[in-house]
Amino acid sequence: MKHDIYSTEGLYRIEEKEDLSPTISRHVIFSPLIAAKARPGHFVILRSRPGGERIPVTLVDWNAEAGTVTVIIQAIGKSTTEMNAFKQGDYFSDVAGPLGTPVEIKKWGTVLGVGGGVGIAELYPIAKAYKEAGNRVICVLGARSKDLLILERQMEAISDKVIVTTDDGSAGRKGLVTDAMKDLYAAGEKIDAAFTIGPVIMMKFVAEATRPHATPTFASLNPVMLDGTGMCGGCRVEVGGKPKFACVDGPMFDAHLTNFDLLLKRTAAYREQEKDSLDRYARDHECRIGLH
Amino acid sequence: MEKPKKPTPAIKQNHGRHQDPAGRRSNFEEVALGFGLEEAVTEASRCLNCKDKPCELACPVNVKIPEFVDLVYKEDLGAAASKIFETSLFPAICGRVCPQETYCEAACVLKDKFGPVSIGRLERFTADYARKNGLVKPPACAPDTGKKVACVGSGPTSLAVAAELRKLGHAVTVFEALHEFGGVLSYGIPTFRLPREVVRFEVDMLRRMGVRLLKNVMVGKSITIEELKKDFDVVYIGSGAGLPSPMNAPGEDLVGVYSSNEFLTRVNLMEAYKFPVVDTPCYVGRRVVVVGGGNTAMDSARCAMRLKPEVVTLLYRRTRAEMPARGEEVENAMEEGIKFEFLTAPVELEGDEKGRLKRVKCVRMELGAPDATGRRRPVPQKGSEFYIESDSLVVAIGQSPNPVIQQTTAGLSTNKWGGIITEEATGKTSLDGIYAGGDVVRGGATVLLAMKDGKAAAKAIHEKLSGKVN
């Protein structure tokens, strides 16, 4: 079916919703324009309702035919918790995009993908596109524990090799993604490019792991973002000593040139307010439950 | 009521009532309270109805000022509003944010002897009265021409283009990147200068005229100009001056340092002043510093004050006389208790171990020889360094055109500031069928000039679409 990409009919309806873990949910959202224009590395900005925060989320999948896009959201603060409480048939009030600069898909040879936590979801479309472009794809997937590990099967379907690591050893090998990477290098694996998406601290260490091997490495940066259109500069990051806006210049940047320490400080800017907001939300919802 | 005879120019000019400074500095309600009917009629009675209409000629969008003022005097507010609508569809916005003192009111013949007629206040009163009493009807639109126009951005310049071209029967689609329409009218100008219900009403009027408004689409990223050109006969770019200028001072990446765009967007678009009722926070701490001397700096300082810190200090490197902000806004800011440090510039921002702003190292300036703009260049005074303790700082030293569309549109000519180059009278760019206007051409200018560009481009676009020229 051919959709009118300029129509507002049915926009942002949740066509499908699946809980992947107690805190991670997959949403398939109706937006023909985004579905038609999406490329690997693009992101969208979601708002659950008027008054809601603008939450940037990387696209996991899209289907121009169906006019839908897929995102995977981890409930961390109030806004994401609220989003994951949505059911099929509910509507987001806003889904803006696609935004950002897509990743250049080309033939590298062997591509290593390193995803941590919900970052695995964001790694998926990139790994898939590289596989389709004829690359050998190896993925290292890291999670705190088995129940937080997502998309293992889907990643296996599009990768030549998948290595799972968990902090507690409840799935795959016990340890960090960088341990698995070291073993790959030690086994003589020739890696032509690496892509990493996950917690800032993990991406920082992934960059350090590939640096001695001079493997071109790219990290998807996740600073505090507001408008996502290059207007506010709140998402500025330092790459190669120069300020860049993650929203329009990124979010994918050369990991070896990225100032991760600055990013760590800047992502903590609103921690107190975020906690306060989530606490209030949790309290309100407990109270409501208490009424029954 | 017993109304004065018209004209009675010697009646004292009425500037309108304002919220008391002590009260308003802690709320986001409109500062200017405007006129009641009696005040409006009295002010209207001062107009001499000059034959050569200097006010109307000075107006960027040529509002039929003497005629609408006369209709206010006659208490026919519906007709007065219709008269304004003939040339400007957005009087409730213009009546509030246009610097009338440099246009119509500067041209008023009463200016020197008695003070000008308060034209801006009368425009605002007329528009508000008409809106509140249901007297505003969308203008009639010509039969559909079958021609399609895309407007990029929903700020003042695009709104003007959309209104004019829709009236002429063209199908218009407006693309907005954010979740609210209005561009700078929504994310930039604070509610205490321009209530959002006013913007929403005027945007809604376009909708009632049949303009299609699409939010959440960022042209240049979500869809390119080239792609739009396949589906539309003409594309008008009004994407604004959304790129903040950094100070390039050490420490600008510290937490607590905002561009004015980020700060104003958090407060105005996201309504962070209602946090935690709304979900987007804005941290200012106890002591706020704002850097800059334009309207954006005044808006930032006044928004910051309303978030209830202990002190808001504004640093400007020249003196009050050189400030580019409207005099009225500077006075408002001073009345609200903002501390002005003239001839002062920040040189370095210092933070704590967590990377949060702690204090601002400043230097005193003196005015030296005039620079290229004719203003005396500020020069640092040796040994005058001092510190201001500060939890947050807003950089409001200017914006340049948002570069995204220019970067993603091959063949679109731009100047060295990144502005799109256009033919001034028509808004034509280097690409056929692509027009541009407002701040993406001018850099940070005014709402009124943006609307003026929109009107001029609409005329040229209509001529093109009707096959008259090009």
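Residues numbered from 1 in each chain as written. Chains lettered and ligands numbered in written order. Predicted model: local features only at pLDDT ≥ 70, side-chain atom pairs only at ≥ 80, totals over all residues.

Observations regarding the overall build of chain B
Phase 1: The helix and strand tally for chain B stands at 18 helices and 18 strands.
Phase 2: For 470 residues, the compact-globule formula gives about 23 Å, and the C-alpha radius of gyration of chain B, at 23 Å, lands near that figure.
Phase 3: Across the 470 residues of chain B, 53% fall into the buried class.
Phase 4: Within chain B, residue pairs in contact and separated by at least 24 positions form 70% of the contacts whose partners lie at least 6 positions apart. (Helix = DSSP H or I, 4+ residues; strand = E, 2+ residues; numbered from the N terminus. Rg over C-alpha atoms; globule rule 2.2 N^0.38 Å. Buried ≥ 20, exposed ≤ 12 C-beta atoms within 10 Å, placed from the backbone. Contact = placed C-beta atoms within 7 Å.)

Concerning the overall build of chain A
Phase 1: Helix and strand counts for chain A stand at 9 helices and 16 strands.
Phase 2: For 292 residues, the compact-globule estimate of 2.2 N^0.38 gives 19 Å, and the C-alpha radius of gyration of chain A, at 19 Å, lies within 12% of that figure.
Phase 3: The principal-axis extents of the C-alpha atoms in chain A amount to approximately 60 × 45 × 40 Å.
Phase 4: By residue count, 51% of the 292 residues in chain A fall in the buried class.
Phase 5: Across chain A, contacts joining residues at least 24 apart in sequence account for 64% of those joining residues at least 6 apart.

Overview of the nonpolar core
Phase 1: Among the nonpolar cores identified, the biggest contains 226 residues, and A:Val44, B:Val72, B:Tyr236 and B:Val290 are the most heavily contacted of them.
Phase 2: Residue contributions to this core peak at 9 residues, all from helix α18 (residues 447-465) of chain B.
Phase 3: When sequence neighbours within four positions are dropped, the list of residues in contact with A:Val44 reads A:Ile34, A:Val57, A:Leu59, A:Val69, A:Val71, A:Val95, A:Ala96, A:Gly97, A:Pro98 and A:Leu99. (Core = buried A, V, L, I, M, F, W, Y, C linked by C-beta atoms within 7 Å.)

Details of the sheet that holds strand β1 (residues 14-19) of chain A
Whenever strands of a sheet pair, they do so through backbone hydrogen bonds, lying parallel or antiparallel.
All names here are of chain A.
Phase 1: Reading across from one edge, β1-β2-β6-β5 is the order of the 4 strands in this open sheet, with antiparallel pairing throughout. Each having just a single partner strand, β1 and β5 (61-63) make up the two edges of the open sheet. Averaged over neighbouring strand pairs, the angle between their axes works out to 20 degrees when direction is ignored.
Phase 2: Pairing geometry for β5 and strand β6 (residues 68-74), over 3 bridges, is antiparallel. From the neighbouring strand, Trp-62 faces β6, where its bridge partner is Val-69. (Pairing = 2+ DSSP bridges. Axes fitted to C-alpha atoms, helices over the stretch in contact; angles between N-to-C directions.)

Things to note about the packing of helix α2 (residues 37-44) of chain B against helix α4 (residues 65-73) of chain B
All names here are of chain B.
Phase 1: Running from N to C, α2 and α4 point in directions that differ by 130 degrees, and their axes come no closer than 8 Å. One finds that α2 runs oblique with respect to α4. Judged by the sense of rotation from one axis to the other, the crossing of α2 with α4 is left-handed. Across the interface between the two elements, Ala-40, Val-41 and Ala-44 from α2 touch Val-69, Val-72 and Tyr-73 from α4. (Parallel < 35°, antiparallel > 145°, perpendicular 65-115°, else oblique. Left-handed = near helix turned anticlockwise from the far one by under 90°.)

Considerations on the domain arrangement of chain B
Residues and elements named next belong to chain B.
Phase 1: Considered domain by domain, chain B is made up of domain 1 (17-132), domain 2 (148-242 + 400-465) and domain 3 (246-397).
Phase 2: Computed over C-alpha atoms only, the centres of domain 2 and domain 3 are separated by 30 Å.
Phase 3: Of the residues contributing to the side of domain 2 that touches domain 3, the split by class is 4 nonpolar, 4 polar and 1 charged. (Domains from an automatic or database assignment. Nonpolar A, V, L, I, M, F, W, Y, C, P; charged D, E, K, R; others polar.)

Observations concerning helix α3 (residues 119-132) of chain A
All names here are of chain A.
Phase 1: An ideal rise of 1.5 Å per residue puts 20 Å on 14 residues; α3 measures up with 20 Å between its terminal C-alpha atoms.
Phase 2: Approximately 25 degrees is the largest bend angle found in α3, and it occurs at Pro-125.
Phase 3: Buried within α3 are the following residues: Gly-119, Ile-120, Ala-121, Glu-122, Leu-123, Tyr-124, Pro-125, Ile-126, Ala-127, Lys-128, Ala-129 and Tyr-130.
Phase 4: Positive phi appears at Gly-134, one or two residues downstream of α3, with a value of about 95 degrees. (Expected span 1.5 Å × (residues − 1). Bend = angle between axes of the 7 residues up to and from the residue.)

A word on the domain arrangement of chain A
All names here are of chain A.
Phase 1: Taken domain by domain, chain A holds domain 1 (14-99) and domain 2 (110-267).
Phase 2: Residue-level contacts link 17 residues of domain 1 with 18 residues of domain 2.
Phase 3: For the side of domain 1 that touches domain 2, the elements supplying multiple residues, two or more each, are β3 (43-47), β4 (55-58), β6 and β7 (94-99).

Remarks on helix α14 (residues 295-306) of chain B
Residues and elements named next belong to chain B.
Phase 1: Here α14 is 12 residues long and its end C-alpha atoms lie 17 Å apart, about the 16 Å a rise of 1.5 Å per residue gives.
Phase 2: In terms of residue burial, α14 counts as a mostly covered element, since 12 of its 12 residues are buried.
Phase 3: Restricting attention to buried positions, one finds in α14 the residues Asn-295, Thr-296, Ala-297, Met-298, Asp-299, Ser-300, Ala-301, Arg-302, Cys-303, Ala-304, Met-305 and Arg-306.
Phase 4: The inward-facing, buried residues of α14 abut α13 (260-269), β9 (287-291), β10 (311-315), α15 (327-335) and β16 (392-395).
Phase 5: Directly after α14, the chain includes Lys-308, whose backbone phi takes a positive value near 65 degrees.

Some details on the packing of helix α6 (residues 200-210) of chain A against helix α8 (residues 260-267) of chain A
Residue and element names in this part refer to chain A.
Phase 1: Contact geometry for α6 and α8: axes closest at 10 Å, N-to-C directions at 180 degrees. The orientation of α6 with respect to α8, classified from their angle, is roughly antiparallel. Within the contact between the two elements, α6 uses Val-200, Ile-201, Met-203 and Lys-204 and α8 uses Phe-260, Leu-263, Leu-264 and Thr-267.
Phase 2: Across the contact of α6 with α8, the residue classes break down as 6 nonpolar, 1 polar and 1 charged.

Describing the interface of chain A and chain B
Phase 1: In this assembly, 36 residues from chain A lie in contact with 33 residues from chain B.
Phase 2: Residues that form the side of chain A that touches chain B fall into these classes: 13 nonpolar, 11 polar and 12 charged.

Topic: unusual backbone geometry
Phase 1: Note the cis peptide between A:Gly250 and A:Pro251, where omega equals 10 degrees.
Phase 2: With respect to the secondary-structure elements, A:Pro251 resides in the loop between α7 (246-249) and β16 (252-254).
Phase 3: In this structure, B:Pro276 follows B:Phe275 across a cis peptide bond, with omega equal to 5 degrees.
Phase 4: Within the secondary structure, B:Pro276 sits in the loop between α13 and β9.
Phase 5: Of note, the phi angle at A:Tyr12 is positive, near 70 degrees, even though the residue is not glycine.

Thoughts on the environment of A:Glu16
Residue and element names in this part refer to chain A.
Phase 1: As for its placement among the helices and strands, Glu-16 is situated in strand β1.
Phase 2: Using a count of 14 C-beta atoms within 10 Å as the deciding quantity, one classes Glu-16 as partly exposed.
Phase 3: Here the alpha-carbon distance between Glu-16 and Ile-201, two residues 185 residues apart in the chain, equals 32 Å.
Phase 4: When residues no more than four places from it in sequence are discounted, the contact partners of Glu-16 are Val-28 and Gln-88.

Some remarks on the confidence of the model for chain B
Phase 1: Here chain B shows a mean pLDDT of 94. Residues at 70 or above account for 99%.
Phase 2: For this predicted complex, the interface confidence score (ipTM) comes to 0.91, while the overall pTM stands at 0.93. (pLDDT = per-residue confidence, 0-100.)

Concerning the sheet that holds strand β8 (residues 110-116) of chain A
Residue and element names in this part refer to chain A.
Phase 1: Taken together, 7 strands build an open sheet; the order of strands is β11-β10-β9-β8-β12-β13-β16 and the sheet is mixed. Strands at the two margins of the open sheet, each flanked by one partner only, are β11 (173-174) and β16.
Phase 2: When strand β13 (residues 217-220) meets β16, the two strands line up antiparallel, connected through 3 bridges. Of the residues in β16, the one forming a bridge with Ser-220 is Met-252.
Phase 3: Most of the contacts of α3 go to β8, to which it runs at about 165 degrees, and overall it touches β8, β9 (136-143), β12 (193-197) and β13.
Phase 4: Here α6 sits on the sheet and contacts β8, β9, β12 and β13; the angle it forms with β13, its principal contact strand, is near 175 degrees.

Section: the environment of B:Ile84
Residue and element names in this part refer to chain B.
Phase 1: The topology assignment puts Ile-84 in helix α5 (residues 77-85).
Phase 2: Expressed as a C-alpha distance, the spacing of Ile-84 and Asn-62, which sit 22 residues apart in the sequence, is 9.2 Å.
Phase 3: Ignoring any residue separated from it by four or fewer positions in sequence, one finds Ile-84 in contact with Val-63, Phe-68, Pro-91, Glu-123 and Thr-126.

Focus on the pairing of strand β2 (residues 24-30) of chain A
All names here are of chain A.
Phase 1: Across the 7 residues that make up β2, a large majority, 6, are buried.
Phase 2: Inspection of the sheet shows β1 paired to β2 by 5 bridges, in the antiparallel sense. Looking at β2, one finds that Glu-16 is bridged to Val-28.
Phase 3: Counting the residues in the hairpin turn of β1 and β2 gives 4 residues.
Phase 4: Of the strand pairs in this sheet, β2 and β6 are connected by 7 bridges, and their pairing is antiparallel. Across the sheet, the residue bridging to Arg-26 is Ile-72, located in β6.

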